[in-house]
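The primary structure of each chain is shown beneath.
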Amino acid sequence: MAEPVDLTSLHEMIDGDLELEKELFREFFSSFGSGIAELQAGNSDDIGSEKWRTGVHSLKGIALNLGAYKLGELCKKGQDNYMADFSIRSGILKEIMAEYEIVKEFLEGRL
Amino acid sequence: MLIEIINSGAEKKLLYLLEQYDHHDDESSALYFQSSKLKLRPSQEDIFNTINTVLGNSQAAIYFFHDGDVMIIWKNTSNLTPDNLFSLLRARYNFDRSEELDIYFDYKKQREDIKNICKSKIADIRLQEENAKSVDEKFSPLLSKKLLQLTPDKLTPIRNILYKRRQERRHSRKIDILVVEDQVFSSKILVGMLNNLANTYSAENAEAALDIYMANAPDIVFLDIELGGMNGHELASIINKLDSNPYIVMITANNYIEDVMRAKENAVKGFIAKPYNKQKILSIIDNYFQKNKRKSYG
């Protein structure tokens, strides 16, 4: 089974700096965690929520730059469905949260 | 470790010591240098290592100020005089202008001068904080519109200032790069990579970016399209108006044709898609060097 995060690009970018890697993982937990909380708070049944769109877009960028491509895909799905109704967006948010937990566990094992 | 490092609120801490009591007694020496004026700005770690090689067994303190300047104070138990340290730093960091290492203290005689430096830096910090508070008001959509409507006679002095700033550092081996990215995580990755190649600035929003741009005239701007408030396209448009031929590279996690079209209107020099790719970023920087006939960083 493929790892939830492919760190190849990140390692190239930071030139194998392990201290920076740890700092980035902690920043990821902080940024992604608060991003999810904002999505939960803002995911009402207002169709076409711009706040939702910018929120999942931001999380997509974070996930892709980490190398968590599946998580990035789920965020893209959320972005593409920003006009969808509340129940669909809630379902996507649950998928994002579940994948985030997998990514988090993977990264915590490297701290 | 006998060397104390103070890099948070260093100005206030040093001023407090000087005004309340003094653990750096009269048998101390001090040396101040303006790291911010150096072409190759050393990291705190590098400065610490340099100082540690000569003062490792002495009681010393290194104050890293908010603007990158450095104050070193040490007890005169070693044979190291300010003259010796001056020579060492000059050789190590290639100071080539006297003002880069312009204040050269006898600690005992010049405590008041040190206090004045601290006070001036504290005033700078307060000013920056006030500016940050008024950023929304300062860069309202109305002001953005005004900037875009500036007439050529108003633009020429601005462009001249930016040109002059670049000319001043044209012989430097490092270029200046501004990263505008509202996600701290993504910004840290890019800045972490670029720090080895360039003097790097980062901004989390368009307003802060514009401030940094005007103050430093960066050679390259990596600009995220989706920013909170004014977006990357709008900022690119303003920079294009204010500067002649800026080197802007857009960053995006999307693949929208509309973004490409708007970027073309703003004459941006390239695109980077997330996830970041080191080779792509390096090739953009190489292109910059080739187009501007600057010596490569490598």
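Now for a quick tour of the structure. (Residues numbered from 1 in each chain as written. Chains lettered and ligands numbered in written order. Predicted model: local features only at pLDDT ≥ 70, side-chain atom pairs only at ≥ 80, totals over all residues. Heavy atoms only, no water.)

**A short note on the overall build of chain B**
Looking only at helices and strands, chain B features 12 helices and 10 strands. Per-residue burial for chain B yields a buried fraction of 46% across its 298 residues. Considering only contacts within chain B whose residues lie at least 6 apart along the sequence, 70% involve residues at least 24 apart. Of the roughly 15,100 Å² of accessible surface on chain B, a fraction of 49% belongs to carbon and sulfur atoms. (Helix = DSSP H or I, 4+ residues; strand = E, 2+ residues; numbered from the N terminus. Buried < 20%, exposed > 50% of the residue type's maximum accessible area, 1.4 Å probe, protein only. Contact = heavy atoms within 4.5 Å. Areas by Shrake-Rupley, 256 points an atom, 1.4 Å probe, with all protein chains shown as cover.)

**Observations concerning the overall build of chain A**
Along chain A, the regular secondary structure elements total 5 helices and 0 strands. Ordered by position from the N terminus, the helices and strands of chain A form the series α-α-α-α-α. The buried share among the 111 residues of chain A stands at 45%. Put simply, of all contacts in chain A between residues at least 6 apart along the chain, 71% involve residues at least 24 apart. Looking at chain A as shown, the accessible area adds up to about 5,500 Å², and 52% of this sits on carbon and sulfur atoms.

**Let's talk about the interface of chain B and chain A**
Contact with chain B, which involves 19 residues of that partner, is made by 23 residues of chain A. Interface of chain B and chain A: buried area, both sides summed, is about 2,000 Å²; carbon and sulfur atoms make up 59% of it. Counting the contacts that link chain B with chain A gives 4 salt bridges. Its salt-bridge partner being B:Lys188, residue A:Glu27 comes within 3.7 Å of it at the nearest N-O pair. Taken together, chain B and chain A are joined by 10 residue pairs in polar contact (both at pLDDT 80 or more). Put simply, the parts of the chain that give the side of chain B that touches chain A at least two residues each are helix H8 (184-194) and helix H12 (278-292) of chain B. For the side of chain B that touches chain A, the element with the most residues is H8(B), which contributes 8 residues. (Buried area = accessible area lost by both parts, 1.4 Å probe. Salt bridge = Lys/Arg side-chain N within 4 Å of Asp/Glu carboxyl O. Polar contact = N/O pair within 3.5 Å; in protein donor to acceptor, adjacent residues only side chain to side chain.)

**Things to note about unusual backbone geometry**
Residue and element names in this part refer to chain B. Put simply, lysine 274 and proline 275 share a cis peptide bond, and its omega is 5°. The backbone phi angle of asparagine 245 is positive, close to 55°, even though this residue is not glycine. Examined against the element boundaries, asparagine 245 turns out to sit in the loop between helix H10 (232-242) and strand E9 (248-252). Asparagine 245 sits in the exposed class, given a relative accessible area of 63%. The phi dihedral of alanine 267 falls on the positive side, at around 55°, and the residue is not glycine. A relative accessible area of 42% means that alanine 267 is categorised as partly exposed.

**What to know about the environment of B:Pro42**
Following the sequence through the fold, B:Pro42 ends up in the loop between strand E2 (28-33) and helix H2 (44-55). When the C-alpha atoms of B:Pro42 and B:Arg92 are compared, they prove to be 9.8 Å apart, with 50 residues separating the residues in sequence.

**What about the nonpolar core?**
Counting residues in hydrophobic clusters, the biggest one holds 54 residues, and the most contacted among them are A:Phe28, A:Phe32, A:Leu66, B:Phe222 and B:Ile281. Element by element, the count of residues in this core is highest for helix H2 (residues 18-42) of chain A, at 8 residues. For A:Phe28, the contacting residues outside a window of four places in its chain are A:Gly33, A:Ile62, A:Leu66, A:Leu71, A:Tyr100, A:Val103, A:Leu107 and B:Phe185. Residues B:Val180, B:Ala203, B:Met230 and B:Val268 belong to the second largest nonpolar core, which totals 28 residues. (Core = buried A, V, L, I, M, F, W, Y, C linked by side-chain atoms within 4.5 Å.)

**Regarding the side chain of B:Lys278**
Mapped onto the elements, B:Lys278 comes out in helix H12. Beyond its immediate chain neighbours, meaning those up to four positions away, B:Lys278 contacts A:Glu12, A:Met13, A:Asp15 and B:Met193.

**Considering the sheet that holds strand E10 (residues 270-273) of chain B**
Strands in a sheet are paired, the pairing made by backbone hydrogen bonds, and the direction either parallel or antiparallel. Residue and element names in this part refer to chain B. Taken in spatial order, the 5 strands make up an open sheet running E7-E6-E8-E9-E10, and their pairing is parallel. One side of each edge strand has no neighbouring strand; the edge strands of this open sheet are strand E7 (198-203) and E10. Across the sheet, the mean angle from the axis of one strand to that of its neighbour is 20°, orientation sign disregarded. Direction of pairing for E9 relative to E10: parallel, over a ladder of 4 bridges. When the bridges of E10 are listed, threonine 252 appears paired with alanine 273. Sheet strands in contact with helix H9 (residues 206-216) are strand E6 (175-180), E7 and strand E8 (220-224), and its direction is about 150° off that of E7. (Pairing = 2+ DSSP bridges. Axes fitted to C-alpha atoms, helices over the stretch in contact; angles between N-to-C directions.)

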